[in-house]
Amino acid sequence: MDKIFGRDPSDGGPELWEPDYGDPVFLAKLENFLKAMARRYDGKPYVAFIDVGSVGMYGEGHTRAYKPELLKQGRDPELAYHQHYELFKKHFPN
């Protein structure tokens, strides 16, 4: 997975690093984690909800630091949001 650096454009803050959330290795590891988590928690009456928070600096899709670099490389960072959502939906059908 390539390291992608950038600056928060809103305040010219410090240099930031984020993974490529659509990288196949990242997605495979996320899926393995979700499979294990689903085996334990999917369909359990004491689980009220599962929050899809796997994309962005603090899990809410905030990817400002690397989005411009990915766009320059011809990669679509928006696709990663949908890939993560589909993985959660696949492994947590209940």
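Nothing here was measured: the structure is a model prediction, and the numbers come from that model.

A.B. asks: Sorry, what's going on with the packing of aromatic side chains here?
C.D. replies: The geometry of two aromatic rings is summed up by the distance between their centres and the angle between their planes. Summed over the entire model, instances satisfying the criterion amount to 1 aromatic pair. Summarising the aromatic geometry, the rings of Tyr21 and Phe26 are spaced 5.4 Å apart at their centres and angled 85° between planes, so their arrangement reads as edge-to-face.

A.B. asks: Looking at this structure, I do not really get the pattern of salt bridges. What am I missing?
C.D. replies: Any two side chains of opposite charge can pair, so long as their charged atoms come close to each other. Throughout the structure, instances matching the rule amount to 2 salt bridges. Salt-bridge contacts for Lys90 lead to Glu31; the nearest nitrogen and oxygen are separated by 2.7 Å. With Lys90 in helix H3 (residues 77-91) and Glu31 in helix H1 (residues 24-41), this pair connects stretches of sequence that are 59 residues apart. According to the relative accessible area criterion, Lys90 is exposed, its value standing at 54%. Among the salt bridges present, the one from Lys89 reaches Glu86, with a minimum N-O distance of 3.6 Å. Highlighted residues: Lys89 and Glu86, both in helix H3, separated by 3 residues, approximately one helical turn. Under the relative-accessibility criterion, Glu86 is labelled partly exposed at 40%.

A.B. asks: What exactly am I supposed to notice about the side chain of Asp23 here?
C.D. replies: By the element assignment, Asp23 lies in the loop between strand E2 (15-18) and H1. Residue Asp23 is classed as buried on the basis of its relative accessible area, which comes to 12%. Reaching out from Asp23, the side chain makes a polar contact with the backbone nitrogen of Val25 at a distance of 2.8 Å.

A.B. asks: What am I meant to see in the confidence of the model for the protein chain here?
C.D. replies: Regions with low pLDDT should not have their predicted coordinates read in detail. Per-chain confidence: the protein chain averages 78 in pLDDT, with 69% of residues scoring 70 or above. Mean pLDDT across the elements of the protein chain ranges from a minimum in strand E1 (residues 4-7), with 51, to a maximum in H1, with 94.

Conventions and cut-offs
- Residues numbered from 1 in each chain as written.
- Predicted model: local features only at pLDDT ≥ 70, side-chain atom pairs only at ≥ 80, totals over all residues.
- Heavy atoms only, no water.
- Phe/Tyr/Trp six-rings, centres within 6.5 Å; stacked < 30°, edge-to-face > 60°.
- Salt bridge = Lys/Arg side-chain N within 4 Å of Asp/Glu carboxyl O.
- Helix = DSSP H or I, 4+ residues; strand = E, 2+ residues; numbered from the N terminus.
- Buried < 20%, exposed > 50% of the residue type's maximum accessible area, 1.4 Å probe, protein only.
- Polar contact = N/O pair within 3.5 Å; in protein donor to acceptor, adjacent residues only side chain to side chain.
- pLDDT = per-residue confidence, 0-100.

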